[in-house]
Amino acid sequence: MRIVLMLGAFVRALVRAPARRVARSVWHLNAASAGGLRLRDAATKEVVDTAAGHGASRDDGVLKWYACGPTVYDATHLGHARTYVTLDLVRRAATAYGGSRVDFAMGVTDVDDKIINRAKELGLEPLELARREEANFFEDLDRLGCLRPDRVLRVSEHVDDIVAYVGDIVDRGFGYATEGGDVWFDVGKLGDAYGAFAEGRGTSKAAAQAALEAEDKASISTNKRDGRDFALWKGAKAGEISWDSPWGAGRPGWHIECSAMTKATFGDSLDLHAGGVDLAFPHHENEIAQWRGASGDLEGVWCPCWLHTGHLHIEGRKMSKSLGNVIDPLEVIDGCKLEQLVGKLKGGNLKATEVAKATKAFEDDFPDGMPRCGTDALRVGLLAYTVQGRDINLDIKRVIGYRSFCNKLWNAVRFMLGCFDGYAAAETIWADLAAARGKLAGRDKFVLSKLHGMVAAVDEHLTGYCFGDCVQAIYAFFLNDLCDVYVELVKPVVYGDDKTSDPTLAKMALWCCLDAGLRCLHVMCPFVTEELWQRLPRKFAVSSIMVAPYPRPADTAVFVDAGAEAGVAVLLEATSAARSLRAQYNLGSKPAKFVAAFSGDAARAATLAAFKSDVATLARASAVDVVVDAAPPAGCGQKLVDEKFAVYVDLKGLVDVKAEIAKLEKELKTVAPLVEKLRAKLADPVYVAKAPAKQRANDEAKLASYADKVAAAEAGIASWSKMGDAPAAGGDDDDDFWGDDDDQTEEEKA
């Protein structure tokens, strides 16, 4: 069995909740009690705690989880792959985050009409075909990074259990046999209880019959008492696989298999049942009906928590391998040639016009073939579309974009690992770092506070099934906060250039950021995170990131520091202004002194003063001063940050003063006439009387802008004149002192 990736597909939400259909099922990891998750049951819409079972406490602490698996007759599509990747994420999080001991069983339908028919086409025995395709299925799941189920429940291996379960239903009066050896479930015996799970979809006999016939052709029969009745046991047909039963030779109906196999495996109850949203009715509805019939309990709860995953559509149509518009996920993981993609189109049943259109799309998007993306990128691409209540067009190029993210992550963490230089973390590193937070530098406090923000955001997004937002939160932390800011700030510390800071504390902070960040991302990207996490230097033994605790907001809350975050925010504003000044004056890597000047904002000045050395690091400054309500320094270039904050660079000896004055005089000659022209225009009573209000407002705004430029140019000339005797250095450039030539208006250029 090969899992195929459908192009142009619309991705239905992981849990779709249209009115009067299937209630959403939301899993709340952050609110989990020991050993379980909190989920909103798809039937009752109430949040329940899986650790407590459903009415009776569970002493074993094991989460009994069953998922409907594949019908193993041929390739399944990406909708199934996406389901298994999503369930894999939940399972990993349940183990790592909630501390649950998960007993995860997956049903495999290896007895079915589709298998029988396909086996005849191929000249194989049905079970021979089923075993082959099942093996291929699990091999593909391995490549998708999905953990294999703890138990694989095959229908063919549980026929005795199914026969016994059907017997219980019949004995209690909820099933009946008909001529030909068929056994049916008597839906009418349930009264209003039938259809409650699917919010009334089963109350219409006509709708129920149509749904049943669409799912199971054997439900078309004139022997049934009610059109909603469904097959529990199908009488044998000539040449088909069959087993003996009290009702004659035959084979199980589709719906009975899950109920009977879970009874044999887990007993009379489950904690969690998962499957595609399209299985809610009739399959899951019928599973519940069968449990009621076998147990005689018309009011109890068989399973308190149902998790439904969405499925994919092709431009509003059900996916079809016969159309040929498919890509094997292994082709995304490993890459493939363009000819291979186009060849599948020509071998399908698409019209010639559609083949031509799809071929051109392939040629435009992948002229050199499908690039190798890797498993982690594909998983993130699938999970990124997992949001509630929305159909989304799956773009393979977006998956390719996530390959870039994985590559950046790999390269960035590999670089950071080189910063440890002999350091290895103790097993108590998290407690040690929390105890030492009073000794941490502001930059260390900043990154640890940002780490907490990321952990809290991931927790919130996981709770809301916004897996794409989870990735974005982790991406922003790794690339923006950790790589672009913190690592740059601690380079002088960890490499020994900064003798005033404690390198051990900086390495501890960096280690904890990598440790928690990789553990957060692991449930989505299992391969790259495992490899990198294992490389973290430590003095204690670990087995796998899979069993490492999942970071919780409570674990990192001790590091929240709004002051440090505010300080780095001002630091970055100052650094951005300093770098802009360097570019404006072509200073390159020349040592330069910068002054951060505040007007009436002593508090922000004090905040930045604590980060002066960090500004010097990022701005490559020879010195940084912070002043409040001081006169602008002479001979400096200026960059306004806001109305109360400006950054100056001391240009004495770094630039040609005469050339700068000449540029400002040129600017003044250009703008001053525009000011006079606009003033005269706005003073003309005829213009004032006839001009539209909008035009007058625009002219007034232009006048204010030009007047500011004139004032700034005059101030600049005065400032440069004070250092007219400074030695010339550096060269002329094409930038105006107050902005780029490209920023000039059309009037200025004229």
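Residues numbered from 1 in each chain as written. Predicted model: local features only at pLDDT ≥ 70, side-chain atom pairs only at ≥ 80, totals over all residues. Heavy atoms only, no water.

This paragraph deals with the overall build of the protein chain. When you go through the protein chain residue by residue, the secondary structure sums to 25 helices and 23 strands. By the burial criterion, 53% of the 750 residues in the protein chain qualify as buried. Sequence-distant contacts in the protein chain: of pairs separated by 6 or more residues, those separated by 24 or more amount to 76%. As presented, the protein chain carries roughly 31400 Å² of accessible surface, and 50% of it is formed by carbon and sulfur atoms. (Helix = DSSP H or I, 4+ residues; strand = E, 2+ residues; numbered from the N terminus. Buried < 20%, exposed > 50% of the residue type's maximum accessible area, 1.4 Å probe, protein only. Contact = heavy atoms within 4.5 Å. Areas by Shrake-Rupley, 256 points an atom, 1.4 Å probe, with all protein chains shown as cover.)

A few words now on the packing of aromatic side chains. Per the stated rule, a full pass over the model turns up 14 aromatic pairs. Taking 5.9 Å as the distance between ring centres and 70 degrees as the angle between the ring planes, the aromatic pair formed by Phe-477 and Phe-478 counts as edge-to-face. Both residues of the pair, Phe-477 and Phe-478, count as buried. One aromatic cluster is present, formed by Tyr-84, Phe-137 and Phe-138 through successive ring pairs. (Phe/Tyr/Trp six-rings, centres within 6.5 Å; stacked < 30°, edge-to-face > 60°.)

Bringing the packing of helix H16 (residues 503-522) against helix H17 (residues 526-534) into the picture now. As a packed pair, H16 and H17 sit with axes 8 Å apart at the nearest point and diverge in direction by 155 degrees. Classified by the interaxial angle, the pair formed by H16 and H17 is roughly antiparallel. Here H16 and H17 pass one another in a crossing that is left-handed. Together, Asp-515, Leu-518, Arg-519, Leu-521 and His-522 of H16 and Pro-526, Thr-529, Glu-530, Leu-532 and Trp-533 of H17 make up the contact between the two elements. Residue classes in the contact of H16 with H17 are distributed as five nonpolar, two polar and three charged. (Axes fitted to C-alpha atoms, helices over the stretch in contact; angles between N-to-C directions. Parallel < 35°, antiparallel > 145°, perpendicular 65-115°, else oblique. Left-handed = near helix turned anticlockwise from the far one by under 90°. Nonpolar A, V, L, I, M, F, W, Y, C, P; charged D, E, K, R; others polar.)

Between its first and last C-alpha, helix H24 (residues 693-721) extends 42 Å over 29 residues, near the 42 Å set by a 1.5 Å rise per residue. Buried within H24 are the following residues: Asp-699, Leu-703, Tyr-706, Val-710, Ala-712, Ala-713, Gly-716, Ile-717, Ser-719 and Trp-720. (Expected span 1.5 Å × (residues − 1).)

Right, let's talk about the sheet that holds strand E11 (residues 183-185) for a bit. Pairing is antiparallel in the open sheet, where four strands are placed in the order E10-E11-E12-E13. Two strands close off the open sheet at either side, each with one partner strand: strand E10 (175-177) and strand E13 (250-252). Neighbour-to-neighbour, the strand axes of this sheet turn through a mean angle of 20 degrees, independent of strand direction. Sheet analysis places E10 next to E11, joined by three bridges and oriented antiparallel. Following the sheet pairing, Ala-177 is matched in E11 by Val-183. (Pairing = 2+ DSSP bridges.)

With respect to topology, five strands assemble into an open sheet ordered E9-E8-E6-E14-E15, the strand pairing being parallel. The open sheet has two free edges, formed respectively by strand E9 (151-154) and strand E15 (306-309), since each of these has just one partner strand. Each strand axis lies, on average, 20 degrees off the axis of its neighbour in the sheet, ignoring direction. Relative to E9, strand E8 (residues 101-109) is paired through four bridges, and the arrangement is parallel. If you follow Val-108 over to E9, its bridge partner there is Arg-154. Here helix H6 (residues 256-266) sits on the sheet in contact with strand E6 (62-71), E8 and E9, set at roughly 145 degrees to E6.

This brings us to the nonpolar core. In this structure, Trp-65, Phe-478, Leu-482 and Met-524 are the most contacted members of the largest nonpolar core, which totals 152 residues. Counting residues per element, this core draws most heavily on helix H15 (residues 467-494), at 17 residues. Excluding anything up to four places from it in sequence, Leu-482 contacts Met-416, Val-447, Phe-477, Val-487, Leu-510, Cys-513 and Leu-514. Core analysis: the next-biggest nonpolar cluster, separate from the first, contains 40 residues, Val-111, Phe-185, Leu-190 and Cys-258 among them. (Core = buried A, V, L, I, M, F, W, Y, C linked by side-chain atoms within 4.5 Å.)

At a closest axis distance of 8 Å, the pairing of helix H22 (residues 657-683) and H24 adopts a crossing angle of 150 degrees. Between H22 and H24, the interaxial angle falls into the category roughly antiparallel. Handedness of the crossing formed by H22 with H24: left-handed. For the contact of H22 with H24, the per-class residue count stands at 17 nonpolar, three polar and eleven charged.

One rule of thumb: low pLDDT means the predicted coordinates there are not for detailed reading. Looking at the protein chain as a whole, its pLDDT mean stands at 82, while 79% of the residues score no less than 70. This model gives residues 725-743 a pLDDT under 50, and the stretch forms 44 contacts once residues within four places in sequence are excluded. (pLDDT = per-residue confidence, 0-100.)

Pairing between side chains of opposite charge can happen when the charged atoms of each approach one another. Scanning the model with the defined rule gives 34 salt bridges in all. Residue Arg-118 is joined to Asp-74 by a salt bridge in which the shortest nitrogen-to-oxygen separation is 2.5 Å. Remark: Asp-74 occurs in the loop between E6 and strand E7 (76-77) and Arg-118 occurs in helix H2 (residues 113-122); sequence separation between them is 44 residues. Linking Glu-157 and Arg-154 is a salt bridge whose minimum nitrogen-to-oxygen distance equals 3.4 Å. Taken together, the salt bridges that share partners define one network made up of Asp-110, Arg-131, Glu-134, Arg-154 and Glu-157. (Salt bridge = Lys/Arg side-chain N within 4 Å of Asp/Glu carboxyl O.)

A few words now on the pairing of strand E20 (residues 592-598). Burial within E20 is extensive, with six of its seven residues counted as buried. Direction of pairing for E20 relative to strand E21 (residues 621-628): parallel, over a ladder of seven bridges. Looking at the pairing, Lys-593 lines up with Ala-623 of E21.

Turning our eyes to something else, we now look at H15. Along an α-helix, residues three or four apart share an orientation, since each turn contains 3.6 residues. Look at H15: only 35 Å from first C-alpha to last across 28 residues, short of the 40 Å you get at 1.5 Å a residue. Along H15, the sharpest kink reaches roughly 45 degrees, centred on Val-487. Gly-496, located one to two residues past H15, shows a positive phi value of around 85 degrees. (Bend = angle between axes of the 7 residues up to and from the residue.)

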